[in-house]
Amino acid sequence: MNMNKPVITAASQISSIGAGVDCLAANLGAAPRMGSAGKYDFHEFSEPIPCFKADTFDPEQVLGKKGLRTKDWATKLLLATMELGFKAQFEASSQDDKPGICVGTAFGSVQSIGDFLSDSIVNGVNAVNPQAFANTVINSPTGNANIRYESRTLSTTVSTGFNAGADALIYACDYIRRGYLNRIVAGGLEEISYYALLGMLRSGVLSPTSRILPFGTLADGFVAGEGCAMFMVESAESAAAGSRTPLAEISGYASAFEPSTFAGKFCGESARHCMKAACDDAGIRPADVGFIASGANGIRNADAMEAQAIRDVFGDTPVTAYKARFGECYGASAPLSVACALADMNAGRITGVPEGYETIDALNCVRGTAAWKRGGFVMVNSFSCDGNCTTIVIKDIHEAAYNRQHTKLQSY
Amino acid sequence: MTEIRTVITGLGIVSPIGTGVEAFWNAAVKGTCGVRPLTCIDTTDFKTKTGGEVRDFDAAAYIAPEKIKTMGRSSQFAIAAAKMAVSQAGIEFTKENPYRVAVCIGTTMGEPQILEQGIKAKYTASSADAIPADLPRQYPCAVIPANVAREFGVRGPSVIIPTACAAGNYAIGYACDLIKLGRADVVIAGGSDPFSSIAFTGFNRLLATTDTVPRPFSKNRDGMAVSEGAGVLIIENMEHAKKRGANILAEILGYGIACDAYKMTIPDPSGSGGIRAMRQALRNASITPDAVDYINAHGTGTKENDKVETLIAKDVLGERVKSIAMSSTKSMIGHTMGAASAIEACACVLMLMHGIMLPTINYEEPDPECDIDCVPNSPREVNLNIVVSNAYAFAGNCSSLVLAKFTGS
Amino acid sequence: MDAAEIKEAIRQLIGEIAEDMDVEAEKITDSAHFIKDMGLDSMALLEVLATMEKKFGVSIPESEFPNLISIDKCAETVEKYLAQKG
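**Some details on the overall build of chain A**
- Along chain A, the regular secondary structure elements total 13 helices and 15 strands.
- Taking 412 residues into account, the globule formula puts the C-alpha radius of gyration at 22 Å, and chain A, at 20 Å, falls close to it.
- The proportion of buried residues among the 412 residues of chain A is 63%.
- Contacts in chain A between residues at least 24 apart in sequence constitute 77% of all its contacts with a sequence separation of at least 6.

**Points about the overall build of chain B**
- Helices and strands together make up the secondary structure of chain B, namely twelve helices and 15 strands.
- Computed over the C-alpha atoms, the radius of gyration of chain B is 20 Å, within 12% of the 22 Å expected from 2.2 N^0.38 for a compact globule of 409 residues.
- Counting across all 409 residues of chain B, residues that qualify as buried make up 67%.
- When contacts within chain B are restricted to residue pairs at least 6 apart in sequence, long-range pairs at least 24 apart make up 80% of them.

**Let's talk about the environment of A:A132**
- On the secondary structure map, A:A132 appears in the loop between α4 (110-123) and α5 (140-148).
- Those residues in contact with A:A132 that lie beyond four places of it in its chain are A:S112 and A:F116.

**Here's the deal with the domain arrangement of chain A**
All names here are of chain A.
- Domain annotation for chain A reports domain 1 (7-241) and domain 2 (252-406).
- Computed from C-alpha coordinates alone, the two centres of domain 1 and domain 2 are separated by 21 Å.
- Taken together, the contacts link 53 residues of domain 1 with 49 residues of domain 2.
- Elements represented by at least two residues in the side of domain 1 that touches domain 2 include exactly β1 (7-15), α1 (21-27), α6 (164-177), β7 (183-190), β8 (227-234) and α8 (236-241).
- Taken together, the residues of the side of domain 1 that touches domain 2 break down into 32 nonpolar, 18 polar and three charged.

**Describing the interface of chain A and chain C**
- In this assembly, eight residues from chain A lie in contact with nine residues from chain C.
- A class-by-class count of the residues in the side of chain A that touches chain C yields two nonpolar, four polar and two charged.

**Details of the interface of chain B and chain A**
- Taken together, the contact pairs 59 residues of chain B with 60 residues of chain A.
- By residue class, the composition of the side of chain B that touches chain A is 36 nonpolar, 13 polar and ten charged.

**Remarks on helix α9 (residues 272-284) of chain B**
Residue and element names in this part refer to chain B.
- Relative to the 18 Å expected for 13 residues at 1.5 Å per residue, α9 spans 18 Å between its end C-alpha atoms, a close match to the ideal helical length.
- Most of α9 is tucked away, with eleven of its 13 residues classed as buried.
- Residues S272, G273, G274, I275, R276, A277, M278, Q280, A281, L282 and N284 constitute the buried set of α9.
- Looking at the buried positions of α9, the neighbouring elements they touch are β9 (250-259), α10 (303-317), β14 (386-392) and β15 (397-404).

**Quick look at helix α10 (residues 300-314) of chain A**
All names here are of chain A.
- Look at α10: 20 Å from first C-alpha to last across 15 residues, which is about the 21 Å you get at 1.5 Å a residue.
- Those residues of α10 that fall on the buried side of the exposure criterion are A302, D303, M305, E306, A307, A309, I310, V313 and F314.
- Elements in contact with the buried residues of α10: α9 (269-282), β10 (289-293), β11 (319-320) and β14 (377-383).

**Notes on the domain arrangement of chain B**
All names here are of chain B.
- Domain boundaries assigned for chain B yield domain 1 (6-243) and domain 2 (254-404).
- A C-alpha centroid distance of 21 Å is found between domain 1 and domain 2.
- Listed by partner, the interface residues are 60 residues for domain 1 and 57 residues for domain 2.
- Of all the secondary structure elements, the ones that give two or more residues to the side of domain 1 that touches domain 2 are β1 (6-15), α1 (21-29), β4 (50-52), α6 (167-180), β7 (186-193) and β8 (229-237).
- Broken down by element, the residue count for the side of domain 1 that touches domain 2 peaks at seven residues, all from α6.

**Focus on the environment of B:F46**
- Along the polypeptide, B:F46 turns up in the loop between β3 (35-37) and β4.
- For the pair formed by B:F46 and B:A164, sequence separation is 118 residues and the distance between their alpha carbons is 23 Å.
- Residue contacts for B:F46: discarding those within four places in its chain leaves A:V125 and B:N204.

**Describing unusual backbone geometry**
- A positive phi angle, near 50°, is found at B:V375, a position not held by glycine.
- By the secondary structure assignment, B:V375 is in the loop between β12 (356-357) and β13 (380-381).
- Residue classification places B:V375 among the buried residues on the basis of 23 C-beta atoms within 10 Å.
- The phi dihedral of C:D22 falls on the positive side, at around 65°, and the residue is not glycine.

**Here we look at the confidence of the model for chain A**
- Overall, the prediction assigns chain A a mean pLDDT of 95, with 97% of residues at 70 or greater.
- Across residues 406-412 of chain A, where pLDDT falls below 50, the model places ten contacts with residues more than four positions away in sequence or in other chains.

**Re the pairing of strand β5 (residues 101-106) of chain B**
Residue and element names in this part refer to chain B.
- For β5, a buried count of six out of six residues is recorded, marking the element as mostly surrounded by other parts of the structure.
- On β5, burial covers both faces: V101, V103 and I105 on one face and A102, C104 and G106 on the other are all buried.
- Across six bridges, the pairing between β5 and β7 is parallel. Within β7, the residue paired with V101 across the bridge is V186.
- For β5 and strand β6 (residues 158-161), the ladder comprises four bridges, and the chain directions are parallel. What sits directly across from G106, in β6, is I161.

**Side note on the packing of helix α2 (residues 42-56) of chain C against helix α3 (residues 71-85) of chain C**
Residue and element names in this part refer to chain C.
- At their nearest, the axes of α2 and α3 sit 11 Å apart, and the two run at 40° to each other. Taken together, the axis directions place α2 and α3 in an arrangement best described as oblique. Judged by the sense of rotation from one axis to the other, the crossing of α2 with α3 is right-handed. Only C74, V78 and L82 of α3 make contact with α2, whose side of the interface consists of V48, M52 and F56.
- Residues that form the contact of α2 with α3 fall into these classes: six nonpolar, no polar and no charged.

**Here we look at the environment of B:K83**
Residue and element names in this part refer to chain B.
- Among the structural elements, K83 can be located in helix α3 (residues 73-89).
- The exposure class of K83 is buried, given the 20 C-beta atoms found within 10 Å.
- For K83, the contacting residues outside a window of four places in its chain are G12 and Y62.

**Some thoughts on the pairing of β8(A)**
Residues and elements named next belong to chain A.
- Across the eight residues of β8, eight count as buried, placing the element largely inside the fold.
- Burial of β8 is two-sided: the residues G227, A229, F231 and V233 facing one way and the residues C228, M230, M232 and E234 facing the other way are all buried.
- Note: β1 against β8, seven bridges, orientation antiparallel. Residue pairing across strands places Q13 opposite A229, the latter belonging to β8.
- Across eight bridges, β7 lies against β8 in antiparallel orientation. Counterpart to L189 in the pairing with β8 is C228.

About the cut-offs
Residues numbered from 1 in each chain as written. Chains lettered and ligands numbered in written order. Predicted model: local features only at pLDDT ≥ 70, side-chain atom pairs only at ≥ 80, totals over all residues. Helix = DSSP H or I, 4+ residues; strand = E, 2+ residues; numbered from the N terminus. Rg over C-alpha atoms; globule rule 2.2 N^0.38 Å. Buried ≥ 20, exposed ≤ 12 C-beta atoms within 10 Å, placed from the backbone. Contact = placed C-beta atoms within 7 Å. Domains from an automatic or database assignment. Nonpolar A, V, L, I, M, F, W, Y, C, P; charged D, E, K, R; others polar. Expected span 1.5 Å × (residues − 1). pLDDT = per-residue confidence, 0-100. Pairing = 2+ DSSP bridges. Axes fitted to C-alpha atoms, helices over the stretch in contact; angles between N-to-C directions. Parallel < 35°, antiparallel > 145°, perpendicular 65-115°, else oblique. Left-handed = near helix turned anticlockwise from the far one by under 90°.

Dropping the structure here:
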């Protein structure tokens, strides 16, 4: 066991904002880029659905031409994110020292799953390509990453809906603390798919006005997005031994479940507990949290629940909602929020929601950009319509502060 | 620092040879074959006509009627198995800190029947409007542990790990980690999968399915049988279990997980992932190969799996492999996907409790490449103390779980 | 479809699969063994079988699977079952 706090030493992301963390940092405050989804191999939307597409990279350019023929979009998105951020580290590691891989995704490659079924219905069972079956298991993108980087140490997928990415980061921290491994590339992945979009459309969660207005008084739903954000999570000792300077410390986390949240009704009891428990785990008081990256996405009841819960626990602490920038990306949302928080922390700012709409009174919701003093704590929340509650507290690390800190580390 | 110990206080099983722990065990010691001609799917266009089905499942026996229609078959199985396990454990959630009771489930396909229902409705009506508005929210696999947690009103972490056919072991392993890290006192852990036409189609297209019944380790074996079911265990912090006077059934000493990193649907012929996982499991359980009394195999009955699994056992156990047995529960229940290693963990607890090794049925012909004692066709009485249960999956996900007779503190 | 067209269609499919699996161009010949010479795996062979059935509208029994080990052999098998179909 190693109960010291794990650290993040590298980050990578691909979203509608762009590819790579530098691109994210530079463009986070820019006007959000929306595309649309219309025609697919087996199905089509009568009206294209606005969404935030992560078509900001060329798979062949990032990954090369070989080995991609039978790989689906979700897999390419994950592989490209990992290639951009961690290829060198994987190549430099020996077999027993390879970082593990842990991915959070709500749906996996549901486009592949639905198409496999649609193909068998339309063309008959005997027309289906056997190779396509491999893409229908939710752990398929992760497995493809393990194969590409020859990582035998760990391959896990976590699938807790909206919270999947946050829970994957926590899984990685737990695994490291148990002493099984020192380094894991962990985060979240979600693709835009016909089947998920159709589900969202039929359930009435998409904004009919195609706007995503977190905490908006006139919010009427969300706009879906896709993306992938992955982080090198490692024990502090491993980072020090490898001379890798942490970007941030994962100071604390908690997850909980709210039984009363169901079918569009949201209750804040477990959300409040979760945020307090994460602070306790981090050894801090609520007042020590510098700002909160909420999971607000324009579903009014859900946003109102989170706003009230934040108000109850934190009072006036500034709040932002990064989903306004990249859409509701399900399993990728929380890790993308972490990536945005790292970019903001590093720049000494908070990128709030875009200007131009009215937000709930009760909340100190940042509009545009606000200044922020480096070295403090940031909270990232994920509260889902299924009742899952996950909170992660990260700490900004200045290099100097880290060096002073790591000489005092103990493990047992 | 003394590590927290994780014990099992309740079991629940839904399977093609019996729903309920007693029904399952009675059928299993008799060597009952649950792989039969399928009734839940039209097999006309498929090369294989057989599989495993839970034919007598009565959801209303476990779930209020108005709730049944809000969830798919996988959730229903999981709740049923969870209720059995909770009942056996004698646990009253009103007396527990609800935030310290977690749910951790493994699955392969999640709620595939919901997706199938939706897509078929759309094709039949030529319109997406034919999909009921409350259907989509029943699909994401996160609903499975959520439905279980909601049923008991518990508020701890609710997790789903979809690592395909090894998912049960991954979920049980993580449940133990949650307890050992002090994040939970009790975890409702296991795996669930309903019969999936996607899985059935896929395995048929891979030519991986048997034309009759699975014959693990037999020379004339011709493939696996797609099946369904759920297995749930109540896993607790030992001190917590003792304090409330629970009857402890067995102990989980540790687990190991690893990855072949070879191919998506073909196991590494050298067994690298399985060897790594089993070695890790023994190390994490602080035991040597000499302490292992029995292995519950992944044992699907495909040519490749059974051959590689034999290799893995020989590599890790060395000479010891000649003195112990390795049998396949899948010979009886078929391959229940994400539920497999959860049902098989329950079976291991029962074997430890009763001192009986379950057989590998349908065994006809020894295979020199699988020259292990697979307890052919009849169960065998043996005093068991420590057993290992393996599970291997697509994407090269490999796992081993170490269970032991509870010896007290 | 005549014999030449069948062979060309199979050549194209194998070409695609082999290129993606990084097989050297000179190894991709009509008589080369898919596994021993080209290093393709059983999944690729399954795909070849499935694609041939779909493209040529034939049903090839599982027992033929071990014979499908080169472009020449595949073309032969397809022609055999096309002829049987009448």
